[in-house]
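As a plain string of letters, each chain reads:
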Amino acid sequence: MAGKPPASDPVQDAPEVSAPQHSAVGLPAITHALKISQQQMGVRRTALTLLRVNQKNGFDCPGCAWPEGDKRHAAEFCENGAKAVAEEATLRRVTPDFFAAHPVADLATRSGYWLGQQGRLTHPMYLAEGAERYEPVTWDRAFDLVAEELTALDSPDEAVFYTSGRTSNEAAFLYQLFAREFGTNNLPDCSNMCHESSGSALTDTLGVGKGSVLLEDLYKADLIIVAGQNPGTNHPRMLTALEKAKAGGAKIISINPLPEAGLERFKNPQTPRGLAGGGTALTDLFLQVRLGGDQALFRALNRRILETDGALDEDFLREHTHGFEEFAALARAGEDADDTLRATGLTHDEIERALAMVLASERTIVCWAMGLTQHKHSVPTIQEVVNFLLLRGNIGRPGAGVCPVRGHSNVQGDRTMGIFERPAPAFLDALEEEFGFAPPREHGYDVVRAIRALRDGHAKVFFAMGGNFVSATPDTDVTEAAVRRARLTVHVSTKLNRSHAVTGARALILPTLGRTERDRQASGDQFVTVEDSMGMVHASRGRLEPAGPRLLSEPAIVARLARRVLGEGSNTPWEAFEQDYAAIRDRIARVIPGFEDFNAKVAHPGGFALPHAPRDSRSFPTATGKANFTAAPVEYPTAPEGRLLLQTLRSHDQYNTTIYGLDDRYRGIKNGRRVVLVSPDDAGRLGFADGAYVDLVSEWTDGSERRAPGFRVVHYPTARGCAAAYYPETNVLVPLDHTADTSNTPASKSVVVRLEAAREG
Ligand SMILES: Nc1nc2c(c(=O)[nH]1)N[C@H]1C(S)=C(S)[C@@H](COP(=O)(O)OP(=O)(O)OC[C@H]3O[C@@H](n4cnc5c(=O)[nH]c(N)nc54)[C@H](O)[C@@H]3O)O[C@H]1N2
Ligand SMILES: Nc1nc2c(c(=O)[nH]1)N[C@H]1C(S)=C(S)[C@@H](COP(=O)(O)OP(=O)(O)OC[C@H]3O[C@@H](n4cnc5c(=O)[nH]c(N)nc54)[C@H](O)[C@@H]3O)O[C@H]1N2
Ligand SMILES: [Mo]
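Residues numbered from 1 in each chain as written. Chains lettered and ligands numbered in written order. Predicted model: local features only at pLDDT ≥ 70, side-chain atom pairs only at ≥ 80, totals over all residues. Heavy atoms only, no water.

Test applied: UniProt positions are given in the numbering used here, feature names are shortened, and annotations may be inferred rather than shown by experiment.
As annotated in an unreviewed UniProt entry, the protein is FdhF/YdeP family oxidoreductase from Streptomyces lunalinharesii. One UniProt comment on the protein, placed under Sequence similarities (unreviewed entry), says "Belongs to the prokaryotic molybdopterin-containing oxidoreductase family."

**Things to note about the packing of helix α7 (residues 139-151) against helix α27 (residues 554-566)**
Formally: Here an axis means a line fitted to C-alpha atoms, over the contact stretch when the element is a helix, while the angle between two N-to-C directions is reported on a 0 to 180 degree scale. Numbering of helices and strands runs from the N terminus, with a helix taken as a DSSP run of H or I at least four residues long and a strand as a DSSP run of E at least two residues long. To sort the angles, those under 35 degrees are grouped as roughly parallel, those over 145 as roughly antiparallel, those from 65 to 115 as roughly perpendicular, and the leftovers as oblique. Note on convention: the crossing is left-handed when the near helix lies turned anticlockwise from the far helix by less than a right angle, right-handed when the turn is clockwise. Residue contacts are defined here by distance: any two heavy atoms, one from each residue, within 4.5 Å place the two residues in contact. Gly counts as polar in this scheme, as do all residues outside two lists: the nonpolar Ala, Val, Leu, Ile, Met, Phe, Trp, Tyr, Cys and Pro, and the charged Asp, Glu, Lys and Arg.
As a packed pair, α7 and α27 sit with axes 9 Å apart at the nearest point and diverge in direction by 55 degrees. Here α7 is positioned oblique relative to α27, judged by the angle of their axes. Relative to α27, the crossing made by α7 is right-handed. Taking contact as the criterion, the partners of W139, F143, D144, V146, A147 and L150 in α7 are, on α27, I557, R560, L561, R564 and V565. Split into classes, the residues belonging to the contact of α7 with α27 amount to 8 nonpolar, no polar and 3 charged.

**With respect to the pairing of strand β7 (residues 159-163)**
Filter applied, for reference: For every residue, the accessible area obtained with a 1.4 Å probe (protein chains only) is divided by the maximum for its type, and the residue is called buried under 20%, exposed over 50%, and partly exposed between those limits. By this definition, two strands are paired if DSSP reports at least two bridges between them.
Burial within β7 is extensive, with 5 of its 5 residues counted as buried. The two faces of β7 match: A159, F161 and T163 on one face and V160 and Y162 on the other face are all buried. Sheet topology places β7 next to strand β16 (residues 461-465); 5 bridges connect them, and they run parallel. Across the sheet, F161 pairs through a bridge with F463, a residue of β16.

**Remarks on the sheet that holds strand β29 (residues 675-678)**
Spatially, β25-β32-β29-β31-β30-β33 is the arrangement adopted by the 6 strands of the closed barrel, whose pairing is mixed. Each adjacent strand pair in this sheet contributes to an overall mean axis angle of 45 degrees, direction not counted. Pairing analysis gives 3 bridges linking β29 to strand β32 (residues 722-726), with the strands arranged antiparallel. Note that in β32 the partner of V676 across the bridge is A725.

**What to know about the site of ligand 2**
Counted only if it meets this: Throughout, the term near means that a residue has one or more heavy atoms lying within 4 Å of the molecule or strand in question. Each polar contact in these results corresponds to two N or O atoms within 3.5 Å; when the atoms are within protein, one needs to be able to donate a hydrogen and the other to accept it, and residues that are neighboring in sequence are counted only if both atoms are side-chain atoms. Residue exposure ignores everything except the shown protein chains as possible cover, and the areas themselves are Shrake-Rupley values with a 1.4 Å probe. Where each domain starts and ends follows an automatic or database-derived domain assignment.
In the vicinity of ligand 2 there are 30 residues, among which Y162, S164, A472, E554 and T657 approach most closely. The separation between a nitrogen atom of ligand 2 and a polar side-chain atom of R166 is 3.1 Å. Compared with its free state, where it exposes 930 Å², ligand 2 has 96% of that area covered by protein. Per-class residue counts for the shell around ligand 2 are 9 nonpolar, 16 polar and 5 charged. Inspection of the shell around ligand 2 shows a minimum of three residues originating in each of domain 1 (124-190 + 410-609) and domain 3 (644-757).

**As for the site of ligand 1**
Every one of the 31 residues lining ligand 1 counts as a neighbour, but N256, E260, D294, Q654 and N656 are closest to it. The contact in question runs from an oxygen atom of ligand 1 to an N or O atom on the side chain of H375, over 2.7 Å. In the complex, 99% of the free accessible area of ligand 1, which totals 920 Å², lies under the protein chains. For the shell around ligand 1, the secondary-structure elements that each account for two or more residues are α11 (231-234), α20 (370-373), β25 (644-649) and β26 (654-655). Here the shell around ligand 1 is built from residues that sort into 11 nonpolar, 16 polar and 4 charged. Inspection of the shell around ligand 1 shows a minimum of three residues originating in each of domain 2 (196-405) and domain 3 (644-757).

**A short note on the sheet that holds strand β11 (residues 280-281)**
The 3 strands lie next to each other as β2-β10-β11, forming an open sheet whose pairing is mixed. Two strands bound the open sheet, and with one partner strand each, they are β2 (24-25) and β11. As paired strands, β2 and strand β10 (residues 265-267) are joined by 2 bridges and run parallel to one another. Bridge pairing in β10 places A24 opposite F266.

**A look at the pairing of strand β9 (residues 251-255)**
For β9, the tally of buried residues reaches 4 of 5 residues, placing the bulk of the element in the interior. Where strand β8 (residues 223-227) meets β9, 5 bridges bridge the pair, whose relative direction is parallel. Bridge pairing links V226 to S254 in β9. Pairing analysis gives 3 bridges linking β9 to strand β12 (residues 285-287), with the strands arranged parallel. Counterpart to S254 in the pairing with β12 is F286.

**Notes on the domain arrangement of the protein**
Counted only if it meets this: By definition, the buried area sums, over both parts, the 1.4 Å-probe accessible area that each loses when the two are put together.
By the assigned domains, the protein splits into domain 1 (124-190 + 410-609), domain 2 (196-405) and domain 3 (644-757). Its largest share of buried area at the contact with domain 2, domain 1 owes to Q412, S533 and M534, together 64% of the area lost on that side. Here domain 1 is connected to domain 2 by 4 residue pairs in polar contact (both at pLDDT 80 or more). Here the side of domain 1 that touches domain 2 takes 3 residues from helix α22 (residues 411-416), the largest share from any one element. Grouping the constituent residues of the side of domain 1 that touches domain 2 by class yields 3 nonpolar, 3 polar and 3 charged.

**Remarks on the environment of G165**
Inspection of the secondary structure assignment puts G165 in the loop between β7 and α8 (169-182). By relative accessible area, which is 0% here, G165 ends up buried. Each C-alpha atom, one on G165 and one on G457, is 27 Å from the other, the two residues being 292 residues apart in sequence. Not counting residues up to four positions away in its chain, the partners in contact with G165 are C190, H408, S409, N410, V411 and D414.

**Details of unusual backbone geometry**
Following Y727, the chain continues to P728 via a peptide bond in cis, the omega torsion being 5 degrees. The phi dihedral of N671 falls on the positive side, at around 60 degrees, and the residue is not glycine. In this structure, N671 sits in the loop between β28 (669-670) and β29. Overall, the relative accessible area of 28% leaves N671 in the partly exposed class.

**A few points about helix α9 (residues 196-206)**
What sets the pattern is the α-helix's 3.6 residues per turn: residues three or four places apart point alike. Of all 11 residues in α9, 9 are buried; the element is thus mostly enclosed. Just downstream of α9 lies G207, where phi reads positive at about 95 degrees.

This is the structure:
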């Protein structure tokens with residue numbers, strides 16, 4: 001039997017700290033995953049479910065977006081994939097009785113961990129205006145309520161339709177179609193907080209906002225640079241790929257303020273050497289960069305490449321690129337070397353060692369994630385990475401290219417399906433042609449703009465397809481107050497979270513099927529499709545019985561809502577879409593390039609690759625028709641004397657705002673999340689012993705301050721001048737206006753803070 005959820009909130013943060021580890025996975029990963037799975041699902045269901053992850057006829061792992069490669073016979077074990085599955089396939093249930101026992105005011109005092117531990121949502125629930133508790137409602141009544149509020153708006157642009165990144169292609173396509181037929185492009189998504197900076201930088205420079213490598217490219221690379229990413233925790237299956245790449249002769253450079261265990265050494269649980277032996281050393285050169293120093297680092301490398309005879313790919317530069325001369329002039333003139341050292345915190349020698357590895361490589365890939373995307377200067381940082389790759393012709397040839405590693409399992413697919421507040425005119429034209437309505441053309445709100453609109457009373461209905469908006473977004477107090485101003489908040493969700501407790505005047509929770517569950521519709525069992533981080537599209541088919549008889553699938557929820565809201569005004573066959581998802585795919589095939597013959601192509605077990613012009617033919621659909629160099633000044637964040645730069649990141653036991661447990665095993669932290677990692681030098685200088693308790697106080701340019709109380713100081717080998725603490729506890733510190741230029745992504749990885757001895761609490 002699966003254990004019961006904790007009755008009282010168990011979060012009594014009492015962190016126990018030991019030395020960080022120097023390798024990842026191995027036997028402890030299996031033990032830990034099985035423990036969590038069995039608590040949630042019991043022994044039998046654990047075995048049956050975990051065998052189906054990422055298998056030919058199974059479901060796509062609801063964990064990360066790392067590709068599967070060829071579908072395997074035996075399960076590729078992934079601890080955090082297993083935890084993501086257990087979280088969804090849990091046998092615990094949140095029923096109307098639960099809501100009767102827990103008024104919203106009570107839920108609002110609970111930790112995110114406790115809320116998530118209660119289990120799967122089973123009934124549509126409604127919180128009436130002024131009511132203390134959610135009460136069960138019928139689906140019809142729920143759709144009526146949404147329709148009532150939507151049709152009462154002065155303009156469709158007073159509604160916001162958010163998406164998290166687990167939503168399937170089919171559901172996402174219907175959802176954006178509904179929002180646009182309703183009349184708005186207000187389709188913010190988690191991408192706005194995630195890889196938006198990558199999308200912006202890559203679209204301007206290469207013409208396609210996605211990565212240019214496939215999995216097999218990693219195995220052909222001479223050099224793989226992993227910058228600003230912690231795959232041991234967040235993309236564990238990537239370690240298998242890195243191990244294989246190393247076996248083929250690749251070298252790895254890791255660029256990170258933290259020495260992440262997973263990048264140091266990988267103990268592959270699929271091999272005897274990984275289980276019992278020492279595993280594989282992955283990183284050949286570790287560059288312990290300061291937060292936000294990456295643009296300066298890549299610029300320094302680029303300057304050295306330009307100074308080296310024969311280092312440039314002259315043919316590629318001539319034929320395929322634009323703006324080289326301007327960039328080269330800027331880079332050669334460059335900042336003095338001291339500035340590079342200040343920005344990066346690295347030595348000359350370290351940069352020269354990296355340069356030697358770069359020059360020795362004919363095929364280089366750069367992988368990155370949130371460490372590069374969540375800074376004020378993230379877009380020029382990623383553009384500098386592109387400059388770096390262009391100089392030596394590392395785009396559009398095997399074993400080389402850009403590899404932004406996406407987070408949510410279908411966040412890339414959701415974008416491809418049109419979940420975007422700034423859709424391309426060609427996409428809207430295609431929708432118009434196919435569905436015979438005039439889609440709105442003005443840009444909608446992204447995440448930060450949506451919060452401002454709610455705060456200022458310009459948006460009144462907030463609808464979320466998954467996610468946990470109030471916890472994932474910055475400036476928690478500001479955001480929560482903004483959301484509370486809404487007329488109606490609606491969440492299509494699998495699990496309870498804080499966004500259900502911080503509501504508009506009225507609120508709805510609409511329970512939905514997860515990936516692991518069987519989806520039966522009028523025409524029979526359905527499958528859905530997803531796109532991974534490398535642009536591979538494939539099917540996902542759930543097999544478990546749904547968590548309750550009342551759950552509807554996401555496509556069904558959108559289709560019914562659309563019928564109710566749009567009524568006779570819509571010519572779209574919503575009912576047929578709900579009955580048979582193949583009918584949705586037929587439309588996607590006609591609207592979105594690369595999906596021609598979708599239904600036929602997706603029948604292929606491994607799925608199919610979407611076209612990517614730079615990768616496939618070295619053609620660049622940019623304004624200049626070439627790959628563009630970017631000549632941008634070097635920037636880097638600094639903190640005044642006595643302050644630190646704080647990054648907000650993930651522990652090993654969480655999936656974004658979903659907390660699986662209170663440990664961060666690789667970093668040596670147990671039983672607590674309110675910790676701040678500071679280098680012993682900085683901590684000493686600031687006068688805080690290991691184990692001291694501090695408040696984190698962020699200081700913003702307008703003079704305002706924000707406080708997160710009660711964090712245990714952990715002396716940790718992070719880069720000097722830098723600190724790290726977990727998200728979402730620290731989102732309260734990130735000002736709403738502290739965002740990346742161009743992409744508007746919250747700059748969650750460089751917040752200026754001071755540490756204050758904790759006020760008595
Ligand atoms: N188990 C699990 N898997 C996940 C998630 C999860 O929460 N749990 N989340 C999913 C999602 S949505 C995403 S977007 C990804 C996130 O995957 P990651 O980006 O790996 O996640 P973070 O924990 O934010 O880690 C940021 C990493 O970048 C480093 N870093 C921070 N700032 C800088 C910098 O300025 N320069 C450099 N070079 N490095 C820096 C940090 O030290 C850390 O190693 O993972 C996805 N997969
Ligand atoms: N400070 C700080 N803030 C950050 C980040 C950071 O690094 N630092 N990272 C940012 C990033 S990269 C991201 S992607 C965002 C994440 O932002 P979100 O995607 O909004 O947050 P999640 O925590 O992933 O959402 C979890 C909830 O999704 C629901 N859910 C799970 N599966 C399904 C499903 O299949 N269908 C539906 N309908 N619902 C489902 C469950 O109810 C669960 O509680 O957070 C961002 N915020
Ligand atoms: Mo993400």
